[in-house]
Amino acid sequence: MKPLIFLAIIALVLVSLYCVARSKKNSQNSLTMERLCQDQTDGKRIIRAIQMTKSEVENAINDFIKLNEENGSEVDRPQVVQQENAFMLYLPDSTTYDQFCYWVNYMVYSNKDKKYNNNITGWYEVPANAKGVWQQFANQRLMFFIPETDTEYDNVYVMTKDNICYKQEFAFRASFILQSKVYREYNDIP
């Protein structure tokens, strides 16, 4: 009986070591928030808010900026332009990829009494001359949103123009995770 237990322990240790090695290899090749920020790209960053009042949009912006200040980060104020039934937030060029993700998420969850899932959409423009990990998204506007089914509250979903969906979690080493489901069809900036 003892030799079987000993063999089982050895097998468990070997399987564990294999899994750790494979995980490290995958994390080196995967897109992470950290990697996407390192290979930062220029381009427009726009968020569209519909069915929100002017005061709801202003409160969300002010609260987001205040929250970042309290955490020792500086975030530049977006330019807000009202269109018929929507507010367009044009974020400055200084807005990094991770900040853009946080902006979209915060706009959705800015009001404790209601969620704006279907009302918030962001677009992150990747130029044609993108380098590094952004090359695969060159010359696209990626669409950012959070589906109604979200229960995690600390991520955004990204849709390519070809309706390929990814989930971006907020941990700095979190992977950009390909999704098997399309939660929202791609729409370009109206």
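Residues numbered from 1 in each chain as written. Predicted model: local features only at pLDDT ≥ 70, side-chain atom pairs only at ≥ 80, totals over all residues. Heavy atoms only, no water.

This next bit is on the layout of surface pockets. Reported here for the largest pocket is a volume of approximately 190 Å³. Glu56, Asn59, Ala60, Asp63, Tyr106, Tyr109, Ser110, Asn111, Lys112 and Tyr116 together form the lining of the largest pocket. At four residues, helix 3 (residues 54-70) tops the list of elements feeding residues into the lining of the largest pocket. (1 Å grid on protein atoms, 1.4 Å probe; cavity = no way out; pocket = protein on both sides within 12 Å on 5 of 7 lines; lining within 4 Å. Points joined across faces, edges and corners; volume = space filled by probe spheres on them. Helix = DSSP H or I, 4+ residues; strand = E, 2+ residues; numbered from the N terminus.)

Across all of its chains, the model carries 17 aromatic pairs by this definition. With 5.9 Å between their ring centres and 90 degrees between their planes, Phe137 and Tyr166 make a pair best called edge-to-face. Of the two residues, Phe137 is situated in the loop between strand 4 (120-126) and strand 5 (140-145) and Tyr166 in strand 7 (residues 165-169); the sequence distance between them amounts to 29 residues. Each member of the pair, Phe137 as well as Tyr166, is classed as buried. Three or more aromatic residues joined by ring pairs make a cluster, and in this case those are Tyr97, Phe100, Tyr124, Trp134, Phe137, Phe144, Tyr166 and Phe176. (Phe/Tyr/Trp six-rings, centres within 6.5 Å; stacked < 30°, edge-to-face > 60°. Buried < 20%, exposed > 50% of the residue type's maximum accessible area, 1.4 Å probe, protein only.)

Let us now look at the pattern of salt bridges. For the coordinates displayed, the defined rule picks out seven salt bridges. Across the salt bridge formed by Glu34 and Arg173, the nearest N and O atoms sit 3.4 Å from each other. Note that Glu34 is positioned in helix 2 (residues 33-38) and Arg173 in the loop between strand 7 and strand 8 (176-178), a separation of 139 residues in sequence. With a closest N to O distance of 3.0 Å, Lys114 and Glu56 form a salt bridge. Taken together, the residues Lys114 in the loop between helix 4 (97-108) and strand 4 and Glu56 in helix 3 connect sequence positions 58 residues apart. Put simply, Glu125, Arg141 and Asp188 are held in one network by salt bridges that share partners. (Salt bridge = Lys/Arg side-chain N within 4 Å of Asp/Glu carboxyl O.)

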